[in-house]
Amino acid sequence: MYQVADAHSPPPSWPNTSNALKDQGRVPVSSSTNRGRMTREAASNAAPSTMDESAELVGRVQRGDQAAFSALFSRHRGDVARLIQRMIGPHKNEVEDLVQDVFLQVHRSISDFRAEARFSTWLYRITVNVVLMNRRALKSRPKYTDEQQAAPAEDHAPLPDAQAARNQRVRAFYSLLEHLSEKKRQVFVLHELEGISPQEISEIVDAPVLTVRTRLFYARKELAELLLKEPCLAALASGFERSKRSRGESAGDE
């Protein structure tokens with residue numbers, strides 16, 4: 001996976017950037033959302049019982065078992081919070097509010113869920129849509145020159161130089177992601193940071209697989225160009241460009 005987020009091996013899309021990304025820093029995620037992290041393909045193979053348990057809980061919820069919904073929330077809350085954080089960026093205050101919005105939508109819509117689909121895919125689709133609606137609402141809200149943006153309480157203890165530099169790189173990376181279109185950023189986060197296959201992403205974003213691959217190609221291309229303009233992240237761009245040349249990557253390729 002794209003290692004701005006985690007210390008796991010990247011997928012074939014960015015193979016030569018792993019060492020540089022370790023040096024450049026990773027997006028901080030809480031231990032509760034980072035625990036037991038692996039690609040979703042590996043998770044599916046390694047823990048089929050987990051999917052069975054989720055399917056059982058969904059069935060119980062559909063039969064009116066509220067305790068089962070609490071268990072479903074506890075099981076999937078961390079994954080939802082992690083995806084939201086990666087979609088909106090670090091140091092945002094609305095993650096918990098959006099988590100609640102997602103599960104409120106799940107509660108309202110779960111009677112329509114059909115077992116032939118994976119619950120996690122359905123849940124991620126709801127999460128992506130909730131984040132998208134929130135972003136649109138924020139963009140359409142009038143802004144005033146004297147409006148103070150809410151910010152989390154700061155720890156004024158001095159940070160080690162390495163930690164301060166890492167935080168700067170994380171903020172810079174997410175600032176660059178904001179330059180991508182909504183659709184490109186979605187597939188980039190889902191594939192490069194979450195490790196989801198293009199096939200499953202196509203179900204999440206309701207688009208053909210070829211469209212997902214094309215969006216991903218252009219998201220990588222645009223981000224690589226942006227990285228070159230950001231001094232503290234330029235090393236990532238050079239590694240990425242070498243990776244692209246070695247693969248002869250073109251639009252629509254994986």
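Check the entry above for the structure.
Residues numbered from 1 in each chain as written. Predicted model: local features only at pLDDT ≥ 70, side-chain atom pairs only at ≥ 80, totals over all residues. Heavy atoms only, no water.

Asks: Before we move on, can you summarise the overall build of the protein with the specific residues and values?
Replies: Tallying secondary structure elements over the protein gives twelve helices and zero strands in all. When the helices and strands of the protein are listed from N to C terminus, the series reads α-α-α-α-α-α-α-α-α-α-α-α. Burial status across the protein gives 46% buried among its 254 residues. The long-range share in the protein, meaning contacts at least 24 apart out of those at least 6 apart in sequence, stands at 68%. A total accessible area of about 13200 Å² is found for the protein, and carbon and sulfur atoms account for 51% of it. (Helix = DSSP H or I, 4+ residues; strand = E, 2+ residues; numbered from the N terminus. Buried < 20%, exposed > 50% of the residue type's maximum accessible area, 1.4 Å probe, protein only. Contact = heavy atoms within 4.5 Å. Areas by Shrake-Rupley, 256 points an atom, 1.4 Å probe, with all protein chains shown as cover.)

Asks: Please give an account of the environment of Met87 that cites residues and values.
Replies: Within the secondary structure, Met87 is located in helix H5 (residues 66-88). Remark: the alpha-carbon pair of Met87 and Arg185, spanning 98 residues in sequence, is separated by 7.9 Å.

Asks: I'd like a description of the nonpolar core, backed by residues and values.
Replies: If you look at the biggest cluster of nonpolar residues, it comprises 53 residues, and the most contacted ones within it are Ile84, Val102, Val106, Ile110, Phe119, Leu177 and Leu190. Aside from chain neighbours lying at most four places away, what touches Leu190 is Leu83, Tyr124, Val128, Gly195, Ile196, Ile201, Ile204 and Val205. (Core = buried A, V, L, I, M, F, W, Y, C linked by side-chain atoms within 4.5 Å.)

Asks: So what's going on with the packing of H5 against helix H6 (residues 95-109)? Which residues, and what values?
Replies: The geometry of H5 relative to H6 is characterised by a closest axis approach of 9 Å and an angle of 135° between their N-to-C directions. In terms of axis orientation, H5 runs oblique to H6. Crossing angle aside, the handedness with which H5 passes H6 is right-handed. Packed against H5, whose contacting residues are Gln66, Phe69, Leu72, Phe73, His76, Arg77, Val80, Ala81, Ile84, Gln85 and Ile88, the element H6 presents Val95, Glu96, Leu98, Val99, Gln100, Val102, Phe103, Val106 and His107 at the interface. Tallied by class, residues from the contact of H5 with H6 come to 13 nonpolar, five polar and two charged. (Axes fitted to C-alpha atoms, helices over the stretch in contact; angles between N-to-C directions. Parallel < 35°, antiparallel > 145°, perpendicular 65-115°, else oblique. Left-handed = near helix turned anticlockwise from the far one by under 90°. Nonpolar A, V, L, I, M, F, W, Y, C, P; charged D, E, K, R; others polar.)

Asks: Any chance you could break down the pattern of salt bridges for me, citing the residues and the numbers?
Replies: All told, the structure shown has 13 salt bridges when counted by the stated rule. Of the charged contacts, one joins Arg82 and Asp79 as a salt bridge, the two residues approaching to 3.1 Å between their closest N and O atoms. Residue Arg82 and its partner Asp79 are located together in helix H5, separated by three residues, close to a single helical turn. Judged by its relative accessible area of 5%, Arg82 is buried. Classification of Asp79 as partly exposed rests on a relative accessible area of 28%. Beyond isolated ion pairs, a larger network of salt bridges with shared partners links Asp79, Arg82, Arg86 and Glu194. (Salt bridge = Lys/Arg side-chain N within 4 Å of Asp/Glu carboxyl O.)

Asks: Any details on the packing of aromatic side chains? Residues and values, ideally.
Replies: If you walk through the whole model with that rule in mind, you get six aromatic pairs. Look at Phe73 and Phe103: their rings are 4.7 Å apart centre to centre, the planes differ by 70°, and that puts the pair in the edge-to-face class. Here Phe73, found in helix H5, pairs with Phe103, found in helix H6; they are 30 residues apart in sequence, far enough to count as distant. Residue classification places Phe73 among the partly exposed residues on the basis of a relative accessible area of 23%. By relative accessible area, which is 4% here, Phe103 ends up buried. Relative to Tyr218, the ring of Phe217 lies with its centre 4.9 Å away and its plane at 80°, an arrangement referred to as edge-to-face. Overall, the relative accessible area of 10% leaves Phe217 in the buried class. (Phe/Tyr/Trp six-rings, centres within 6.5 Å; stacked < 30°, edge-to-face > 60°.)

Asks: Break down the environment of Leu193 for me, with residues and values.
Replies: Checked against the element boundaries, Leu193 lands in helix H9 (residues 182-193). Separated by 107 residues in the primary sequence, Leu193 and Arg86 place their C-alpha atoms 7.7 Å from one another.

Asks: Could you give me a rundown of the side chain of Glu192, with the residues and numbers involved?
Replies: Relative to the helices and strands, Glu192 resides in helix H9. The class for Glu192 is buried, based on a relative accessible area of 0%. At a separation of 2.9 Å, a polar atom in the side chain of Glu192 contacts the side chain of Arg220. (Polar contact = N/O pair within 3.5 Å; in protein donor to acceptor, adjacent residues only side chain to side chain.)

Asks: Quick rundown of unusual backbone geometry? Include the residues and the values.
Replies: If you check the backbone angles, Asp206 has positive phi at about 60° while not being a glycine. Inspection of the secondary structure puts Asp206 in the loop between helix H10 (198-205) and helix H11 (209-228). Using a relative accessible area of 62% as the deciding quantity, one classes Asp206 as exposed.

Asks: Describe H10, listing the residues and the values that go with them.
Replies: For H10, a buried count of six out of eight residues is recorded, marking the element as mostly surrounded by other parts of the structure. Every buried residue of H10 is listed here: Pro198, Glu200, Ile201, Ser202, Ile204 and Val205.

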